[in-house]
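# Observations on the three-dimensional arrangement
So the chains spell out like this:
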Protein chains: 2
Amino acid sequence: MSQQLITDPQPVKGSRVQHGLVVVNTGNGKGKTTAALGVVMRAWGRDMRVIVLQFLKHTGARFGEQRAAQKMGVEMRSLGDGFTWRSKDLNQTGKIAQQQWRACQDVIRSGQYDIVVLDELTYAITFGWVPVQEVIATLRERPPHMHVIITGRDAPQELVDFADLVTEMREVKHPYQKGIKAQPGLEF
Amino acid sequence: MSQQLITDPQPVKGSRVQHGLVVVNTGNGKGKTTAALGVVMRAWGRDMRVIVLQFLKHTGARFGEQRAAQKMGVEMRSLGDGFTWRSKDLNQTGKIAQQQWRACQDVIRSGQYDIVVLDELTYAITFGWVPVQEVIATLRERPPHMHVIITGRDAPQELVDFADLVTEMREVKHPYQKGIKAQPGLEF
């Protein structure tokens, strides 16, 4: 799987990144993944090399971001089978999460991207499947001109301490509270 | 100017929006505009009709989002001359802000979009140039299948009360604190 992840790279050229940052979007509100997508759009506008690696399973549907990435030629990969909260075999889910993380490590170490998005990684850490110290070690040893963006609730304190830019997306008001379902285009 | 704003619309077709929402991204952290851009990318992936109207002046530089929007064929307009915090003539700036708001009203009332982003509108309200009740009245009377996304710090409470989905982007940690400048692609 890791081989598959680094095939078909965008053309290699000098890095556009002046100072690689580790960015964490966390909190219980909307906008963690969405803001990462906004960065993807900006970076794509600047012809930077971007990849989005998604940990959570998005069953079947081709969501707006996947359709957009395809149209833009941005690499966006659902890692392995992903995992869901509905899985009954948490042991098996943990193994999948660890495989996903190995694939992320391969992508980071390949040095072929200016920006790597690890979407929903925090859950794999929170559930104890991926040690936070291993994540930090990989981030510390990454190519110096690479930005890495990590999204997900409950980012562990060690990751927050290590990161350069941390934003908490805090839910002030959500339409679920009024019984309105998630809207296509807006939320997925 | 308002005429210019509604020329060259994307092809008119049935709305893809099931239930139009008013979304507010506020707070002192990163990600308010960026998350709005993420929605733009998603919606573009779904062939929805999107427009981004920017209140703040972005002098000279063609930022990543503008380059991306051009490549995608998404309408993104700096309203009039925009305004900056450096303006010495606040009276004149207020007039510009009011003209910008009229242009937004025209776009909203045109009904030609599924999603309208009013980027950095809150400042025009906070400075007293655009009455919040007028904004709310325009939102209330908008086409029912239109999402409107408003970004900017210090969203007024009346707007929060009226909105359907409100997220506070809270700064936990910022690289400015370590003397690292804003990075192209990542932050603009």
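Structure first, text after, so check above.
Residues numbered from 1 in each chain as written. Chains lettered and ligands numbered in written order. Predicted model: local features only at pLDDT ≥ 70, side-chain atom pairs only at ≥ 80, totals over all residues. Heavy atoms only, no water.

## Considering the overall build of chain A
The secondary structure content of chain A amounts to seven helices and six strands. Seen in sequence order, chain A has helices and strands lined up from the N terminus as α-β-α-β-α-β-α-β-α-α-β-α-β. Within chain A, the proportion of its 188 residues that are buried is 59%. Nonlocal contacts in chain A, meaning residues at least 24 apart in sequence, comprise 83% of its contacts between residues at least 6 apart. (Helix = DSSP H or I, 4+ residues; strand = E, 2+ residues; numbered from the N terminus. Buried < 20%, exposed > 50% of the residue type's maximum accessible area, 1.4 Å probe, protein only. Contact = heavy atoms within 4.5 Å.)

## Details of the pattern of salt bridges
Following the criterion strictly, the structure yields 14 salt bridges over all chains and no others. With a closest N to O distance of 3.1 Å, K71(B) and D47(A) form a salt bridge. With one member in each of two chains, K71(B) in helix α3 (residues 64-72) and D47(A) in the loop between α2 (32-45) and β2 (50-56) form a pair that bridges those chains. For K71(B), a relative accessible area of 43% corresponds to the partly exposed category. For R49(B), the salt bridge goes to D114(B), with nearest N and O atoms at 2.9 Å. Note that R49(B) is positioned in the loop between α2 (32-45) and β2 (50-56) and D114(B) in the loop between α4 (90-110) and β4 (115-119), a separation of 65 residues in sequence. Each member of the pair, R49(B) together with D114(B), is buried. (Salt bridge = Lys/Arg side-chain N within 4 Å of Asp/Glu carboxyl O.)

## Focus on the relation of the copies chain A and chain B
Laying chain A over chain B is done by rotating through 180 degrees and shifting 0.0 Å along the axis; what remains is an RMSD of 0.0 Å. When the rotation and shift are considered jointly, the pair of chain copies conforms to a two-fold rotation axis. (Least-squares fit on C-alpha atoms with pLDDT ≥ 70 in both.)

## A word on the nonpolar core
Counting residues in hydrophobic clusters, the biggest one holds 46 residues, and the most contacted among them are M41(A), I115(A), I149(A), M41(B), I115(B) and I149(B). Elements represented by at least two residues in this core include exactly α2, β2, α3 (64-72) and β4 (115-119) of chain A together with α2, β2, α3 and β4 of chain B. Once residues lying within four places of it in the same chain are set aside, the contact partners of M41(A) are M72(A), L37(B), V40(B), M41(B), G64(B), E65(B), A68(B), A69(B), M72(B) and M76(B). (Core = buried A, V, L, I, M, F, W, Y, C linked by side-chain atoms within 4.5 Å.)

## Quick look at the interface of chain A and chain B
Residue-level contacts link 59 residues of chain A with 59 residues of chain B. Carbon and sulfur atoms supply 60% of the area buried between chain A and chain B, which totals about 5200 Å² over both sides. Summed over the shared surface of chain A and chain B, the number is six salt bridges. Linking chain A to chain B there are 22 residue pairs in polar contact (both at pLDDT 80 or more). Mapped by element, the contributors of at least two residues to the side of chain A that touches chain B are α2, α3, β5 (147-151), α7 (157-162) and β6 (165-173) of chain A. With 12 residues, the single largest contributor to the side of chain A that touches chain B is α2(A). Of the residues in the side of chain A that touches chain B, the class split is 29 nonpolar, 14 polar and 16 charged. In the sheet, β6(A) pairs with strand β6 (residues 165-173) of chain B via seven bridges, with the strands oriented antiparallel. From the neighbouring strand, E168(A) faces β6(B), where its bridge partner is R170(B). (Buried area = accessible area lost by both parts, 1.4 Å probe. Polar contact = N/O pair within 3.5 Å; in protein donor to acceptor, adjacent residues only side chain to side chain. Nonpolar A, V, L, I, M, F, W, Y, C, P; charged D, E, K, R; others polar. Pairing = 2+ DSSP bridges.)

## Describing unusual backbone geometry
Located in the positive-phi region is D154(A), a residue other than glycine, with phi close to 55 degrees. On the secondary structure map, D154(A) appears in the loop between β5 and α7. The phi dihedral of D47(B) is positive, around 60 degrees, even though this residue is not glycine.

## With respect to α2(A)
Here α2(A) is 14 residues long and its end C-alpha atoms lie 20 Å apart, about the 20 Å a rise of 1.5 Å per residue gives. Just downstream of α2(A), D47(A) is the residue with a positive phi angle, here 60 degrees. (Expected span 1.5 Å × (residues − 1).)

Any functional reading would require information that these geometric values do not contain.
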